[in-house]
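# Results of the structural survey
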Amino acid sequence: MSDSVFIGGQINNPETDYVVISKENKTIDTLYLDEKNQFGKEYKDFESGIYTFKHPPESQIMYMEPGDSIAIWLNTMSFDESLNFSGDGSDKSNFLLDMFLKNQSNNDLILTYYKIEPQKFAQITDSIKEQRLLKLENLKEKNEFSDEFLEIARASIDYEFYDLRERYTFLIRKYYNSFADKIPEDFNDYREEIDFNNKELQDYYVYTNLIDDYLRSKSIEQCAQKHTDHKKCFNINTFRNIERRILLIDSLSQVNTLKNEFLDRLAAQAIIMAERKSRLDSVLNLLEKIDYSNIASARQLAEIQKNYFVGKSINGLMAENTDGVVIEYGDVINRPTITYAWSLYSPAHHRWQHSIINNLRQKYPELLFLGINIDLGEREEWLRTMETFGYDKENEYQITRRTPSKETYRKYLNKVFFVNSDGTIVKGDMQFGSPEFEDDIIEFLNK
């Protein structure tokens, strides 16, 4: 059998003229599309494992081993649903893709089932796990899967099972606390099985999602042990909550690339949610204490965040409207306003954001909702995306004439500002889309 690996395929309705192959957050190669929107290349010395296939702004994972020859077909109009792997070794990638799609449907399942009693939910998750394992065993009989792939496939099933229970535990304790006392003692025993140092799975969303949810739950539990008012413990944007998560992942994982992925995200979250200088100082002191490797970029972000403290005005910030006219926010803010940031490169995120905002616009016509696209200089792509998804262009703007990098502004994708009619920031530490978000809006309107 050949030791080489071939990766090729075709993309219908391409968004860009290239695809990127990466592993462990490191780019391996960029392949350009030809006049037929096809690409392909043979590689030597390819290690077995999970790889990321990216056609910006979308991406997906695949599993490759020496001897595999994978053809990828997709239509960007429905990226994940249309994506198909064929060729030698493709069944491995198709299994992980199927797991991804099922995992996406779990989001709806959780919102449906977290209101049922823990014992019943335990039975549901046990059943889901059994179905996944049975499917894997059936595929194994038809394919010569390597031990390495089977280990990863079984781990993917385990971590999906763990995450279902982890998220259920969080939701029950936050919204249905009367059920919390009914959670069986062994319900979260899987936590003992979580490996925070699995280098092979660090590109795998099911694994990283589970770690993310675990850190959130543990932080809340640590808070609840010290405070009688448990409700405050569920605010995941407080400095103390983020501090606990930072210290947890710093102590639990020795895989630097995996650990830094979480530290980068949590550090940025702590900084952009800071509403005053004392909190910024606390964040930077914490990062120095754990010897954070990206402390310089954290300091740069902190300098930018000083412009967005409560009480600061955003009137002088500049943006471009869909007609190409450069405006200052002060030109359009004439009533209580909520701003939200979005990026072309987070498609699922901006679809979710706009869906929520459309509903809120109808419920609160007295509010101005400003959509701020942060993809500096990508005007045509921005306009095309709004056209594709049918977004209302009236109150959509793209930032312009800014000095910080695009990467810096990406940190603000979950940032929402409540702004007075005079352009002054009133609040900026809310969680967009949370059940409490409308309570924050009502409080804002009643001030």
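All of the points below concern the structure found in this document. (Residues numbered from 1 in each chain as written. Predicted model: local features only at pLDDT ≥ 70, side-chain atom pairs only at ≥ 80, totals over all residues. Heavy atoms only, no water.)

Helix and strand counts for the protein chain stand at 15 helices and 15 strands. A compact globule built from 447 residues would reach a C-alpha radius of gyration of about 22 Å, and the protein chain, at 23 Å, matches this within 12%. Its C-alpha atoms give the protein chain principal-axis dimensions of roughly 70 × 60 × 45 Å. Across the 447 residues that make up the protein chain, the buried fraction comes to 53%. Partitioning the intrachain contacts of the protein chain with sequence separation of at least 6 by distance along the chain shows that 68% fall at a separation of at least 24. On the protein chain, roughly 21400 Å² of surface is accessible, and the fraction owed to carbon and sulfur atoms is 45%. Looking at charge distribution, the protein chain has the averaged site of its 55 positive side-chain charges lying 6 Å from that of its 75 negative ones. (Helix = DSSP H or I, 4+ residues; strand = E, 2+ residues; numbered from the N terminus. Rg over C-alpha atoms; globule rule 2.2 N^0.38 Å. Buried < 20%, exposed > 50% of the residue type's maximum accessible area, 1.4 Å probe, protein only. Contact = heavy atoms within 4.5 Å. Areas by Shrake-Rupley, 256 points an atom, 1.4 Å probe, with all protein chains shown as cover. Lys, Arg positive; Asp, Glu negative; His and termini not counted. Charge placed at Lys NZ, Arg CZ, Asp CG, Glu CD.)

Counted according to the given criterion, the structure contains 29 salt bridges. Linking lysine 393 and glutamate 387 is a salt bridge whose minimum nitrogen-to-oxygen distance equals 2.7 Å. Judged by relative accessible area, lysine 393 falls into the partly exposed class, the value being 31%. Linked through salt bridges whose partners overlap, the residues forming this network are Glu166, Arg173, Arg191, Lys218 and Glu221. (Salt bridge = Lys/Arg side-chain N within 4 Å of Asp/Glu carboxyl O.)

The interhelical angle for the contact between helix H6 (residues 205-226) and helix H8 (residues 256-272), taken along N-to-C directions, is 55°, at an axis separation of 12 Å. The angle between H6 and H8 places the two elements in the oblique class. Relative to H8, H6 is oriented so that their crossing is right-handed. Contacts from Tyr207, Thr208, Ile211, Asp212 and Leu215 of H6 reach H8 at Leu258, Glu261, Phe262 and Arg265. Class assignment of the residues belonging to the contact of H6 with H8 gives a composition of 5 nonpolar, 1 polar and 3 charged. (Axes fitted to C-alpha atoms, helices over the stretch in contact; angles between N-to-C directions. Parallel < 35°, antiparallel > 145°, perpendicular 65-115°, else oblique. Left-handed = near helix turned anticlockwise from the far one by under 90°. Nonpolar A, V, L, I, M, F, W, Y, C, P; charged D, E, K, R; others polar.)

Before going further, it helps to examine empty space enclosed by the protein. Empty space among the atoms becomes apparent when a probe as large as a water molecule is rolled across them. Following the criterion strictly, the structure yields 1 cavity of 30 Å³ or more and no others. If you trace the largest cavity, you find 15 residues lining it, with Tyr308, Tyr329, Ala341, Ile372 and Phe417 closest to the centre. Examining the composition of the lining of the largest cavity, we find that 3 residues originate from one element, strand E11 (residues 337-342), more than from any other. In terms of residue class, the lining of the largest cavity is made up of 12 nonpolar, 1 polar and 2 charged. (1 Å grid on protein atoms, 1.4 Å probe; cavity = no way out; pocket = protein on both sides within 12 Å on 5 of 7 lines; lining within 4 Å. Points joined across faces, edges and corners; volume = space filled by probe spheres on them.)

With that settled, consider the state of the cysteines. Counted under the stated rule, the structure contains 1 disulfide. Across the disulfide, cysteine 223 is cross-linked to cysteine 233 (sulfur-sulfur distance 2.1 Å). Between cysteine 223 and cysteine 233, the disulfide has an S-S torsion of -70° and is therefore left-handed. Of this pair, cysteine 223 sits in helix H6 while cysteine 233 sits in the loop between H6 and helix H7 (239-252), and the two are 10 residues apart along the sequence. Each of the two residues, cysteine 223 as well as cysteine 233, counts as buried. (Disulfide = S-S within 2.5 Å.)

Moving on to the packing of helix H3 (residues 118-142) against helix H4 (residues 147-175). Any two packed helices are characterised by how steeply their axes cross, that is the angle between the axes, and by the distance between the axes. Interhelical geometry of H3 versus H4 gives an angle of 165° and a closest axis separation of 10 Å. Between H3 and H4, the angle falls in the class roughly antiparallel. Pair H3 / H4 crosses with right-handed handedness. Judged by residue contacts, Pro118, Phe121, Ala122, Thr125, Asp126, Ile128, Lys129, Arg132, Leu133, Leu136, Glu137 and Lys140 of H3 engage Leu150, Ala153, Arg154, Ile157, Asp158, Glu160, Phe161, Leu164, Arg165 and Tyr168 from H4.

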